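# Architecture and fold: a report
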Amino acid sequence: NDGFHPLLEKSGAILAQAGRHPLRVEVFNGTSFFKLIVEYEAEGLKRQRLPASALFRPVPGESAGSSRVEPGLNYACYLGNWNSLPDFSKLVPAKTGSVTNFDLSVRERDVNVALVFTGWIDLPKTALYKFYCASDDGSRMWVGESALEISVLGQRALPPLRDVDVALLKPGEIAFGRVEGMVTRRRTSARGHLEL
């Protein structure tokens, strides 16, 4: 939901198990109204703002691998003049701390400012959850671990693209080419599978 715009809502869904999942919300404001609304819903769970009782952050001073948490979220405030969400990994925050929920009042100023909230959300049951994020200006939201893992195995020139008849591939055969089709089923495994 990036760039300059009035209050605008975007949504996405994730099938999630009951329990804690990583949560990250980024938001920036240019020179006008600053607003952020984060909501969710699932079957049997009406649409609502994320409750403070479902948000957790690491206990300060614990080692990185510790599973001890306390209520709330961590935040970082950044100052700058952006047209879209910046790469926060390359910036130094002007201020950091913790909040009980998505609280914009912790910002250092009203304009040319960005906030990043991180922690975990505790989902009450296994279900398909729909998350809504409305912001003025840009925002971005992640829930859960990345489903995609990328490793660089080496470097070489790519072979030329060619059309591939998937039906003619032998099991385990890798073909570099262009394949078109409709995804009919997705299975999650250590290697991942798509059926076209």
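The sections below set out a description of the structure shown in this document.

Calculation criteria
Residues numbered from 1 in each chain as written. Predicted model: local features only at pLDDT ≥ 70, side-chain atom pairs only at ≥ 80, totals over all residues. Heavy atoms only, no water. Helix = DSSP H or I, 4+ residues; strand = E, 2+ residues; numbered from the N terminus. Contact = heavy atoms within 4.5 Å. Phe/Tyr/Trp six-rings, centres within 6.5 Å; stacked < 30°, edge-to-face > 60°. Buried < 20%, exposed > 50% of the residue type's maximum accessible area, 1.4 Å probe, protein only. Lys NZ or Arg CZ within 6 Å of the ring centre and 35° of its normal.

## Things to note about the environment of arginine 49
For arginine 49, the position within the fold is in strand 4 (residues 45–49). For the pair formed by arginine 49 and cysteine 133, sequence separation is 84 residues and the distance between their alpha carbons is 9.8 Å. Once you skip the residues sitting within four places of it in the chain, arginine 49 turns out to touch Ile37, Val38, Glu39 and Tyr40.

## Observations concerning the packing of aromatic side chains
Inspection of every chain in the model, using the stated rule, returns 6 aromatic pairs. Look at tyrosine 40 and phenylalanine 131: their rings are 5.9 Å apart centre to centre, the planes differ by 40°, and that puts the pair in the tilted class. Placement of the pair is tyrosine 40 in strand 3 (residues 35–42) and phenylalanine 131 in strand 10 (residues 127–136), with a sequence separation of 91 residues. We classify tyrosine 40 as buried; its relative accessible area is 3%. For phenylalanine 131, a relative accessible area of 5% corresponds to the buried category. Aromatic pair tyrosine 78 and phenylalanine 88: ring centres 4.8 Å apart, planes at 50°, arrangement tilted. A residue pair is termed long-range when its members are at least 10 positions apart, and tyrosine 78 in strand 7 (residues 73–79) and phenylalanine 88 in the loop between strand 7 and strand 8 (95–99) qualify at 10 residues. An identical accessibility class is assigned to tyrosine 78 and phenylalanine 88; each is buried. Three or more aromatic residues link up through ring pairs in this structure, and these residues are Tyr40, Tyr129 and Phe131. Against the face of phenylalanine 56 rests arginine 20, its NZ or CZ located 4.4 Å from the ring centre. The lysine or arginine in question, arginine 47, covers the ring of tyrosine 132, its NZ or CZ lying 3.5 Å from the ring centre.

Functional significance is not addressed by these values, which are geometric in nature.
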